[in-house]
Amino acid sequence: MPDSEAGRLSFKLVYYGPAQSGKTTNLLRLHDQLAPEMIGEIMTLETQDDRTLFFDLLPLGFRAPSGLLIKFRLFTVPGQVAHDGTRKAVLSRADGVVFVADSARTQETNNAESFQTLAANCSRVGLDFEHLPLVVQFNKQDLPDAVPEQEIRDRWSAAPWPLHFASALHGVGVRETFADLLRATWRCHAESCELASKHGLDEAGFVAGALGGG
Amino acid sequence: MEAGFDREWRIDELLDAATLGRTMDALTALAGGELAVLGADGGALWGRAGEDMARRPLVLELEPVGQLAGRGVAAERLAGAAALLQQLMRVQVRYKMASSLHLEAVAEDYESLRREHLKLQESEARYKQLSAQLEVRVKAQVALLEERQQMLYEAEKLASVGQLAAGVAHEVNNPLGFLRSNLSTFRHYLTQFAELKKRLAEGDAAWQALDLDFVLTDGEELLDECIKGGDRIARIIGELKSFSHVDHSTEEYYDLNECLRHAANVIDGQLPAGVELRLELLPLPGLVCLPGHLNQVFLNLMRNAGQAIADARRPGVVRVSSEADDDWITIRIHDDGVGMTPEQRSKAFEPFYTTRPVGSGAGLGLSSARNIVLAHSGRIELDSRPDAGTTVSLFFPVPRK
Ligand SMILES: Nc1nc2c(ncn2[C@@H]2O[C@H](COP(=O)(O)OP(=O)(O)O)[C@@H](O)[C@H]2O)c(=O)[nH]1
Ligand SMILES: [Mg+2]
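None of the values given here were measured: they were computed from a predicted structure. (Residues numbered from 1 in each chain as written. Chains lettered and ligands numbered in written order. Predicted model: local features only at pLDDT ≥ 70, side-chain atom pairs only at ≥ 80, totals over all residues. Heavy atoms only, no water.)

*Asks:* I tried to follow the overall build of chain B on my own but got confused; where do I start?
*Replies:* When you go through chain B residue by residue, the secondary structure sums to 9 helices and 11 strands. Residues classed as buried in chain B amount to 39% of the 401 residues present. Within chain B, contacts between residues separated by at least 24 positions form 69% of all contacts whose residues are at least 6 apart in sequence. Of the roughly 23,200 Å² of accessible surface on chain B, a fraction of 56% belongs to carbon and sulfur atoms. (Helix = DSSP H or I, 4+ residues; strand = E, 2+ residues; numbered from the N terminus. Buried < 20%, exposed > 50% of the residue type's maximum accessible area, 1.4 Å probe, protein only. Contact = heavy atoms within 4.5 Å. Areas by Shrake-Rupley, 256 points an atom, 1.4 Å probe, with all protein chains shown as cover.)

This is the structure in structure tokens:
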């Protein structure tokens, strides 16, 4: 459930995936590409070797026609296996998840393992994986050994989640991924949060408010 | 629910009184005027706020979480002071988030460990249960095996009792047969004496005519044979008695030489012609044993030995020897009879194996002998060569003092 208090509705959106798949890069590019009414600094808690130790946090938001502040807090989880406890804690209370996979062929098992921990950890922290707003992004499509889009689509054809192909380093597909997550999030929470009925936010308005620049 | 690391932090959580005290004194000196820090609700956290003061928002993420108010402070200095304070708050929030995330993660890790531990405990319990089941099953199997073994032993004993009965019947029948025929002949002889009584007047002629000289000597012989036959039957019955001891089997402290002598006494008169039984017994320590069972073993081994010599169709010796050292009592029963082929030898310990027909008095097989010896923690060895003879060696451990 989004966190609501005194004129503010806050969505926690988590970028999940194996180490080094480009989660932090997604946040960095979003910070550059989005132009919502409000956007904060990226807060990074990382070690010296540039691997995310705890998490990254990008806050952004806009005001609904009702005056309600719609706030998004984008988190990344640490990818390293050793940080499973941290990953779970960051995943706790998530309202939506982007799974960032690494398209390099050599990373296929890492992706699969990480996806399994996502499903497992969701149930551990009390999230309903079946109904969780989830978008899957295959990042690093620019790599020469990237698994081609068609092959991935074939393999994931039975999965219910939207697939995105990105090159976060070059800013490609990052916005679209985020937009899809916003749509899924709106659909999941619109009713319980009275987004359309009370705050004048339909799906398009919700997405446009968060992306900005419209 | 406990608030997570990812909650919205309040300004008074980030800037406690001590931090504010140290920071604001320095900031005030830098700003060169009066400063106050206000919370989200407008209340003063540090200094005294006045309506007339200029204000700068303090933003953590998106919205102001408080304000810095100043009086008599240049606008750019106030902005600079607010930026510094904001910077301090961000450092604080990073620290706070990181440390409470760490606590959550540790709690989560602990939770995982606890789950792992539970799983381990469960699997250990399962394993224990399994091994208990296994033990029960092994015990049942062992019991079954023991029961089968016992049944086999009983069956073999029955068979050997049958053999013995058949043998006894045969051996008793034989003397009984000539006892009866001798007696009926003797009865006929008596009628001849009755005839003599009628012809006493004829005198010596009647004696001669009735051929009573022959009747007299032959009658004596017939009766001698009858007495011998009776003795033989008595001996056979005596042997049967030694078997009757087998079943009330209680362990006794016993000298195995006694068993050997007893068996030798029983067998002696029954050995085939041309077989000599020789005992070479050295003193033995006492042994806790079932004497009835061992009697039977020795008796049968001696009988087998005698039979092996008879089968060789030549005179021979059954040599029974005993000796002991500190560890073992050794008993050997040796014959110089037919011996066994390697094939016979390899089968010798199989239950029911015998080379002899029923009724030949073979008694229990070597398999039962071995069972009985094993039951005494001993062992049995067989050494045999065709035409040279057989030695059966029995070893019993000497009880430790
Ligand atoms: N070639 C390529 N490299 C990328 C892409 N996205 C991220 N990277 C690189 O992958 C590495 C890990 O990225 P980062 O965002 O820190 O990964 P994170 O561990 O998931 O946060 C960095 O060196 C990035 O520059 C991409 O789309 N293409
Ligand atoms: Mg990272």
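*Asks:* What exactly am I supposed to notice about the packing of aromatic side chains here?
*Replies:* The geometry of an aromatic ring pair comes down to the distance between the two centres and the angle between the two planes. Residues and elements named next belong to chain A. Within this structure, the stated rule accounts for 18 aromatic pairs over all chains. For the pair tyrosine 16 and phenylalanine 99, a centre-to-centre distance of 6.5 Å together with 25° between the ring planes defines the contact as stacked. One end of the pair, tyrosine 16, is in strand S2 (residues 8–16); the other, phenylalanine 99, is in strand S7 (residues 96–102), with 83 residues separating them in the sequence. Both residues of the pair, tyrosine 16 and phenylalanine 99, belong to the buried class. (Phe/Tyr/Trp six-rings, centres within 6.5 Å; stacked < 30°, edge-to-face > 60°.)

*Asks:* Help me out: how do you make sense of the packing of helix H2 (residues 84–91) of chain A against helix H3 (residues 108–124) of chain A in this one?
*Replies:* Residues and elements named next belong to chain A. At a minimum axis separation of 10 Å, H2 and H3 run at an interaxial angle of 65°. The handedness of the crossing between H2 and H3 comes out as right-handed. On H3, the residues that touch Asp84, Arg87, Lys88 and Leu91 of H2 are Thr117, Leu118, Asn121, Cys122 and Arg124. Its residues placed into classes, the contact of H2 with H3 shows 3 nonpolar, 2 polar and 4 charged. (Axes fitted to C-alpha atoms, helices over the stretch in contact; angles between N-to-C directions. Left-handed = near helix turned anticlockwise from the far one by under 90°. Nonpolar A, V, L, I, M, F, W, Y, C, P; charged D, E, K, R; others polar.)

*Asks:* Is there a simple way to explain a negative patch on the surface in this structure?
*Replies:* Residue and element names in this part refer to chain B. Taken together, the side chains of Glu220, Glu221, Asp224 and Glu225 define an acidic patch exposed on the protein surface. Along the chain, the position of glutamate 220 falls in helix H5 (residues 212–244). On the basis of relative accessible area, glutamate 220 is assigned to the exposed category, the value being 54%. (Patch = residues over 30% accessible without salt bridge, like charges linked within 9 Å, V, L, I, M, F, W, Y side chains within 5 Å. Salt bridge = Lys/Arg side-chain N within 4 Å of Asp/Glu carboxyl O. Lys, Arg positive; Asp, Glu negative; His and termini not counted. Charge placed at Lys NZ, Arg CZ, Asp CG, Glu CD.)

*Asks:* Before we go on, may I ask you to explain the pattern of salt bridges in this structure?
*Replies:* A side chain with one charge can pair with a side chain of the opposite charge if their charged atoms come near. Following the criterion strictly, the structure yields 29 salt bridges over all chains and no others. Of the charged contacts in the structure, one is a salt bridge between A:Arg93 and B:Asp6, with a shortest N-O distance of 3.1 Å. Of this pair, A:Arg93 sits in the loop between H2 and S7 while B:Asp6 sits in the segment before helix H1 (11–14), each in a different chain. The class for B:Asp6 is buried, based on a relative accessible area of 9%. As a salt-bridge pair, A:Glu203 and A:Arg187 come within 3.2 Å of each other at their nearest N and O atoms. In this pair, A:Glu203 sits in helix H6 (residues 203–211) while A:Arg187 sits in helix H5 (residues 174–193), placing the two residues 16 residues apart along the sequence. On the accessibility criterion, A:Glu203 (21% relative accessible area) is partly exposed.

*Asks:* How should I be thinking about the site of ligand 1 in this particular structure?
*Replies:* All names here are of chain A. Surveying the vicinity of ligand 1 reveals 15 residues, the closest of which are Gln20, Lys23, Thr24, Thr25 and Asp142. For ligand 1, an oxygen atom lies 2.8 Å from a polar atom in the backbone of glutamine 20. With respect to ligand 1, the side chain of lysine 23 contributes an N or O atom lying 2.7 Å from an oxygen atom. Here ligand 1 has 580 Å² of accessible area as a free molecule, and 81% of this is covered by the chains. In terms of residue count, the dominant contributor to the shell around ligand 1 is helix H1 (residues 23–33) (3 residues). (Near = heavy atom within 4 Å. Polar contact = N/O pair within 3.5 Å; in protein donor to acceptor, adjacent residues only side chain to side chain.)

*Asks:* Would you explain the interface of chain B and chain A in this entry?
*Replies:* Accessible area lost on assembly of the parts is the figure often given for the size of an interface. Contacts between chain B and chain A engage 22 residues on the former and 30 residues on the latter. Across the interface of chain B and chain A, roughly 2,200 Å² is buried in total on both sides, 58% from carbon and sulfur atoms. When the buried area of chain B at its contact with chain A is split by residue, B:Glu8, B:Glu61 and B:Leu62 rank highest and sum to 28% of it. A salt bridge links A:Arg8 to B:Glu63; the nearest nitrogen and oxygen atoms lie 3.1 Å apart. Inspection of the chain B/chain A interface yields 9 residue pairs in polar contact (both at pLDDT 80 or more). For the side of chain B that touches chain A, the per-class residue count stands at 8 nonpolar, 3 polar and 11 charged. (Buried area = accessible area lost by both parts, 1.4 Å probe.)

*Asks:* Sorry if this is basic, but what is going on with the sheet that holds strand S9 (residues 328–335) of chain B here?
*Replies:* Strand pairs in the sheet, formed through backbone hydrogen bonds, run parallel or antiparallel to each other. Residue and element names in this part refer to chain B. An order of S6-S8-S9-S11-S10 is seen for the 5 strands of this open sheet, with the pairing classed as mixed. Two strands bound the open sheet, and with one partner strand each, they are strand S6 (275–281) and strand S10 (379–385). Neighbouring strand axes in the sheet, compared pairwise and without regard to direction, differ in orientation by 10° on average. Here S10 runs beside strand S11 (residues 389–397); their pairing, made up of 7 bridges, is antiparallel. Note that in S11 the partner of aspartate 383 across the bridge is threonine 391. (Pairing = 2+ DSSP bridges.)

*Asks:* I keep staring at the nonpolar core and nothing clicks. Help me out?
*Replies:* One finds A:Phe55, A:Leu91, A:Val97, A:Phe115, A:Leu118, B:Leu68 and B:Met97 to be the most contacted residues of the largest nonpolar core, which totals 56 residues. No other element matches the 9 residues that helix H3 (residues 75–198) of chain B contributes to this core. Discounting chain neighbours no more than four positions away, the residues touching A:Leu91 are A:Val14, A:Tyr16, A:Val97, A:Leu118, A:Asn121, A:Cys122, A:Val125 and A:Leu127. B:Leu260, B:Leu294, B:Val320 and B:Ile380 belong to the second largest nonpolar core, which has 39 residues in total. (Core = buried A, V, L, I, M, F, W, Y, C linked by side-chain atoms within 4.5 Å.)

*Asks:* I tried to follow H6(A) on my own but got confused; where do I start?
*Replies:* An α-helix turns once per 3.6 residues; consequently, residues spaced three or four apart project the same way. Turning to H6(A), its buried residues are A:Phe206, A:Val207, A:Gly209, A:Ala210 and A:Leu211. Where H6(A) ends, the next residue or the one after it, A:Gly212, has phi of about 70°, a positive value.

*Asks:* Even after reading the chapter, I still don't get the environment of B:Arg199, so can you show me in this structure?
*Replies:* All names here are of chain B. With respect to the secondary-structure elements, arginine 199 resides in the loop between H3 and helix H4 (204–209). In sequence terms arginine 199 and leucine 210 are 11 residues apart; their C-alpha atoms lie 10.0 Å from each other. Residue contacts for arginine 199: discarding those within four places in its chain leaves Ala206, Ala209 and Leu210.

*Asks:* For this particular structure, what's the right way to read the packing of H1(A) against H5(A)?
*Replies:* Any two packed helices are characterised by how steeply their axes cross, that is the angle between the axes, and by the distance between the axes. Residues and elements named next belong to chain A. Contact geometry of H1 with H5 gives a least axis separation of 9 Å together with a crossing angle of 90°. Between H1 and H5, the crossing angle belongs to the class labelled roughly perpendicular. Contacts between H1 and H5 involve Asn26, Arg29, Leu30 and Gln33 on the former and, on the latter, Val174, Arg175 and Phe178. Here the residues of the contact of H1 with H5 are counted per class, giving 3 nonpolar, 2 polar and 2 charged. (Parallel < 35°, antiparallel > 145°, perpendicular 65-115°, else oblique.)

*Asks:* Could you clarify how one ought to interpret the sheet that holds strand S4 (residues 64–71) of chain B in this entry?
*Replies:* All names here are of chain B. Spatially, S2-S1-S4-S3 is the arrangement adopted by the 4 strands of the open sheet, whose pairing is antiparallel. Among the strands making up the open sheet, the edge pair consists of strand S2 (44–46) and strand S3 (54–59). Neighbouring strand axes in the sheet, compared pairwise and without regard to direction, differ in orientation by 35° on average. Bridging between strand S1 (residues 34–38) and S2 involves 2 bridges; their strand directions are antiparallel. When the sheet's bridge partners are listed, valine 37 is paired in S2 with tryptophan 46.

*Asks:* What is the right way to read a nonpolar patch on the surface from this model?
*Replies:* Residue and element names in this part refer to chain B. Taken together, the side chains of Leu134, Val138 and Val142 present a nonpolar region at the surface, about 240 Å² in accessible area. Inspection of the secondary structure puts leucine 134 in helix H3. The exposure class assigned to leucine 134 is partly exposed, which follows from its relative accessible area of 46%.

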